[in-house]
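Each chain is listed here by its residues.
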Amino acid sequence: MLKLEDVNTYYGGSHVIQGLSLEVETGAAVCILGRNGVGKTTTLRTIMGLTPARSGSIRIGDQDTRGWPAHRIACSGVAYVPAERNIFPGLSVEENLRLGARPPCEEGREGWTLEKVYEYFPVLGERRHGGGAKLSGGEQQMLAIGRALMGNPRLLLLDEPSQGLSPILVENVARIVRDLCREHDLTMLLVEQNFRVALEMADIHYLMGTKSIIQDQVTSEDLINNEELIKCHLSV
Amino acid sequence: MASVIQIILNGLVLGGVFLIVAIGLNIIYGLNRVMNLAHGSLYALGAYFGYTLVTGKVLLFGLDFEFGGLNFFLALILAPALVGLVGWVLERVLIEPMRDRPMIYTLILTYGLMFLIDGLIKANWGDTPHYIIPPEFLQKPVYIGDFSYPAYRFALLVGVAVVMGLLMTLLNRTRMGINMRAAADIPEMVSALGVNLKAVRVGAFVLGCVMAGIAGFLVGPLYPILPIMGHDMLISSFVVIVIGGLGSLRGVIVAALLVGFVQALAEAVITNFAMVIVYMLMAVILVFKPYGILGEGKFE
């Protein structure tokens, strides 16, 4: 579904991602684990086309999307949920969802509708006409995910879904997202610094050190059994 | 008593015109981060296009020709559309290449553009004042008891209400409008959701220019159409935007009416001093309420 090879990204003059490669199989739930500031968010932004890669190759499905504008990448079936959620404060909950709406890529597939999103997230249905700015952190996260789903994506990019949420809410969101991906054949790539959330949501993990991947594809089990790896790359 | 009603109505007329021009300027700024100093010139262009379409006397730098002249209301739609077309060309050719540069570039660019358009207007239509002749049924005054008021001014108020109604419908009910409102908040996220941000920005720029064109046309039957008519309007709409708060729709409505009333009062009573009050109000707001009279503005 997604394959990055030797990708390099710059913010102005600084080389933030250096020769990053990774692969996400169709239907997989993959997590990039790493500390704050190693370039996890930039990796997602690079895939999304918001911070374009300067070199390397990015393949989504069977297309090379490097150099594509963000909206074209989104229309090819990629949805992005940023860590800040980026809910539009001037729009109602329903308008936020409608803004994300896009017909499904594969013809004949049943697409997401407002009703279906409200079924998964009843609280959004209750607040459909309220302003996006008035939601709590957890509700904003649900809205951001619901809005991403409205685009009928094949690939879901999640940036630190646990950020700013209480442990119970984190568990809630993690469970909903996992169920969603299973039921709708969604491929997911998430980035996290919270080890437990990563284990809960993904099966395959990449460890990211400063500016690049340092440990290729480990399964959740390997990760639990390899304390040294975690100590080295995740603990403060 | 009659003169008080007259001042109020005049204030509404002026405020309505300020409102349409300033909202156009505000929409362009909100989505493009361009302070369009040529906005007043596009307003003038709306009046001149209107004059040309209604009279049927087309001046094209010497390649002049005449046709029968169009119906006033048809021209009211066509003239702003032509201004929108000019806006589209300006955005594509001049504004878009400056997109990633600091705002000072487009500030200087549109400043130059203002003189260019004004110069072209003067070269083509000359210095003498023109008027747009409204349809006959709008040329007479309307009598309410012993109070009379020009029918065209009433019609202008209706026109402003219709334009604002259409604009609100566009912004609140259409996909394009939702895209625009979202892009004014977090542009990047709009493109991450699959919306072509460039198209939204062009759309907003053209919409802003159309608004200026509508206002120019509506004013055509009231005040003389002159090459410099855009300058005062640009200043006034700046004042409106500053008092209302940059990027605040509701603030602009309040501010436009306020400035309209003060200017109407100025024309009727204290003439020279009233506009000074407006500028002082603007200064006070800038210092003490930089986010506008309702505190809703967004500065970058």
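Look up: the structure comes first, before these words.
Whenever I open this one, the pattern of salt bridges confuses me. Can you help?
Two side chains carrying opposite charge are able to pair once their charged atoms lie near each other. Under the criterion given, the structure shown has 12 salt bridges over all chains. Note that glutamate 94 of chain A is salt-bridged to arginine 128 of chain A, the shortest N-O span being 2.8 Å. Within this pair, whereas glutamate 94 of chain A is found in helix H3 (residues 93-100), its partner arginine 128 of chain A is found in the loop between helix H5 (122-126) and helix H6 (137-150), the two being separated by 34 residues in sequence. The exposure class of arginine 128 of chain A is partly exposed, given its relative accessible area of 27%. The salt bridge partner of glutamate 96 of chain B is arginine 92 of chain B, with a shortest N-O separation of 3.7 Å. Owing to a relative accessible area of 18%, glutamate 96 of chain B belongs among the buried residues under this scheme.

Teacher, can you tell me more about the pairing of strand E1 (residues 2-11) of chain A here?
Along a regular strand, successive side chains alternate from one face of the sheet to the other. Residue and element names in this part refer to chain A. The pairing of E1 with strand E4 (residues 55-60) spans five bridges and is classified as antiparallel. Considered in E4, the bridge of leucine 2 is made with isoleucine 60. Two successive antiparallel strands, E1 and strand E2 (residues 14-24), enclose a turn made up of two residues, where glycine 12 displays a positive phi of approximately 60 degrees.

In this structure, what is going on with the environment of histidine 71 of chain A? I would like to understand it.
Looking at the secondary structure, you find histidine 71 of chain A in helix H2 (residues 70-75). Given the relative accessible area of 19%, histidine 71 of chain A is considered buried. Between the alpha carbons of histidine 71 of chain A and leucine 44 of chain A there is a distance of 15 Å; along the sequence they are 27 residues apart. Setting aside its immediate chain neighbours within four residues, histidine 71 of chain A contacts Ser191, Gly194, Val195 and Asn196 of chain B.

How should I be thinking about unusual backbone geometry in this particular structure?
Working note: non-glycine residues mostly have negative phi, and peptide bonds are mostly trans. All names here are of chain A. Even without a glycine there, the phi angle at asparagine 86 is positive, about 50 degrees. For asparagine 86, a relative accessible area of 13% corresponds to the buried category. The backbone of aspartate 185 sits at a positive phi, close to 50 degrees, despite the residue not being glycine. A residue is classified by how much of its surface remains accessible, and aspartate 185, at 65% relative accessible area, is exposed.

When you look at the packing of helix H5 (residues 151-173) of chain B against helix H8 (residues 197-219) of chain B in this model, what are you seeing that I'm missing?
Packed helix pairs are specified by the crossing angle of their axes together with the interaxial distance, meaning the distance between the axes. Residues and elements named next belong to chain B. Remark: H5 packs on H8, axes separated minimally by 11 Å, with the N-to-C direction vectors making an angle of 170 degrees. Put simply, H5 runs roughly antiparallel to H8. Facing H5, whose interface residues are Tyr152, Leu156, Val163, Leu167 and Leu170, H8 presents Leu207, Met211, Ile214, Phe217 and Leu218. In terms of residue class, the contact of H5 with H8 is built from 10 nonpolar, no polar and no charged.

Hey, could you run me through the interface of chain A and chain B in this one?
Interfaces are often sized by the accessible area lost when the parts come together. Contacts between the two partners involve 22 residues from chain A and, on the opposite side, 18 residues from chain B. Linking chain A with chain B are nine residue pairs in polar contact (both at pLDDT 80 or more). Counting only elements with at least two residues in the side of chain A that touches chain B, the list comes to helix H1 (40-48), H2 and H3 of chain A. Split into classes, the residues belonging to the side of chain A that touches chain B amount to 13 nonpolar, four polar and five charged.

Got a minute to help me understand the layout of surface pockets in this structure?
It is a probe the size of a water molecule, rolled over the atoms, that shows where empty space is left. For the largest pocket, the calculated volume is near 690 Å³. If you go around the largest pocket, you meet 23 residues; those closest to its centre are Arg181, Gly247, Ser248, Leu249 and Lys298 of chain B. Elements with a minimum of two residues in the lining of the largest pocket: helix H1 (2-32), H5, helix H6 (175-185) and helix H10 (249-270) of chain B. Looking at the lining of the largest pocket element by element, the count peaks at five residues for H1 of chain B. Split by residue class, the lining of the largest pocket holds 11 nonpolar, six polar and six charged. For the second largest pocket, the calculated volume is near 580 Å³. In terms of lining residues, the second largest pocket is bounded by 18 residues, among which Leu50 of chain A together with Asp100, Ser191, Leu197 and Arg201 of chain B are the most central. Each residue belonging to the lining of the second largest pocket can be placed in one class, and the counts come to seven nonpolar, five polar and six charged.

How should I be thinking about the pairing of strand E8 (residues 187-192) of chain A in this particular structure?
Residues and elements named next belong to chain A. In terms of residue burial, E8 counts as a mostly covered element, since six of its six residues are buried. Going residue by residue along E8, you find Thr187, Leu189 and Val191 tucked away on one face and Met188, Leu190 and Glu192 tucked away on the opposite face as well. As paired strands, strand E3 (residues 29-34) and E8 are joined by five bridges and run parallel to one another. Paired with leucine 33 across the two strands is glutamate 192, which belongs to E8. Across five bridges, strand E7 (residues 155-159) lies against E8 in parallel orientation. Within E8, the position partnered with leucine 156 by the bridge is methionine 188. The β-α-β motif built from E7, the intervening helix H7 (residues 167-183) and the parallel element E8 has right-handed crossover chirality.

Looking at this model, I keep getting lost on H3 of chain A. Mind explaining?
Within an α-helix, residues lying three or four positions from one another point in the same direction, as the helix has 3.6 residues per turn. Across the eight residues of H3 of chain A, seven count as buried, placing the element largely inside the fold. Buried within H3 of chain A are the following residues: Val93, Glu94, Glu95, Asn96, Leu97, Leu99 and Gly100 of chain A. On its buried face, H3 of chain A sits against helix H4 (114-120), H5 and H6 of chain A together with H5 and H6 of chain B.

Help me understand the sheet that holds strand E9 (residues 204-209) of chain A, please; the structure alone is not making it clear to me.
Residues and elements named next belong to chain A. As summarised here, the arrangement of the six strands in space is E6-E7-E8-E3-E9-E10, forming an open sheet in which the pairing is mixed. Strand pairing shows two members of the sheet lacking a second neighbour, strand E6 (78-81) and strand E10 (212-219), which therefore form its edges. Mean inter-strand twist for the sheet, computed between neighbouring axes without regard to direction, equals 15 degrees. Of the strands in this sheet, E6 and E7 touch H6, which is tilted by about 170 degrees from E6.

Can you help me understand a nonpolar patch on the surface in this one?
Residues and elements named next belong to chain B. Judged by side-chain polarity, Leu82, Leu85, Trp88, Val89 and Val93 come together as a nonpolar surface patch covering roughly 450 Å² of accessible area. Position of valine 89 among the secondary structure elements: in helix H3 (residues 72-95). Given the relative accessible area of 39%, valine 89 is considered partly exposed.

About the criteria used
Residues numbered from 1 in each chain as written. Chains lettered and ligands numbered in written order. Predicted model: local features only at pLDDT ≥ 70, side-chain atom pairs only at ≥ 80, totals over all residues. Heavy atoms only, no water. Salt bridge = Lys/Arg side-chain N within 4 Å of Asp/Glu carboxyl O. Helix = DSSP H or I, 4+ residues; strand = E, 2+ residues; numbered from the N terminus. Buried < 20%, exposed > 50% of the residue type's maximum accessible area, 1.4 Å probe, protein only. Pairing = 2+ DSSP bridges. Contact = heavy atoms within 4.5 Å. Axes fitted to C-alpha atoms, helices over the stretch in contact; angles between N-to-C directions. Parallel < 35°, antiparallel > 145°, perpendicular 65-115°, else oblique. Nonpolar A, V, L, I, M, F, W, Y, C, P; charged D, E, K, R; others polar. Polar contact = N/O pair within 3.5 Å; in protein donor to acceptor, adjacent residues only side chain to side chain. 1 Å grid on protein atoms, 1.4 Å probe; cavity = no way out; pocket = protein on both sides within 12 Å on 5 of 7 lines; lining within 4 Å. Points joined across faces, edges and corners; volume = space filled by probe spheres on them. Right-handed = clockwise from strand over helix to strand, strands pointing away. Patch = residues over 30% accessible without salt bridge, like charges linked within 9 Å, V, L, I, M, F, W, Y side chains within 5 Å. Areas by Shrake-Rupley, 256 points an atom, 1.4 Å probe, with all protein chains shown as cover.

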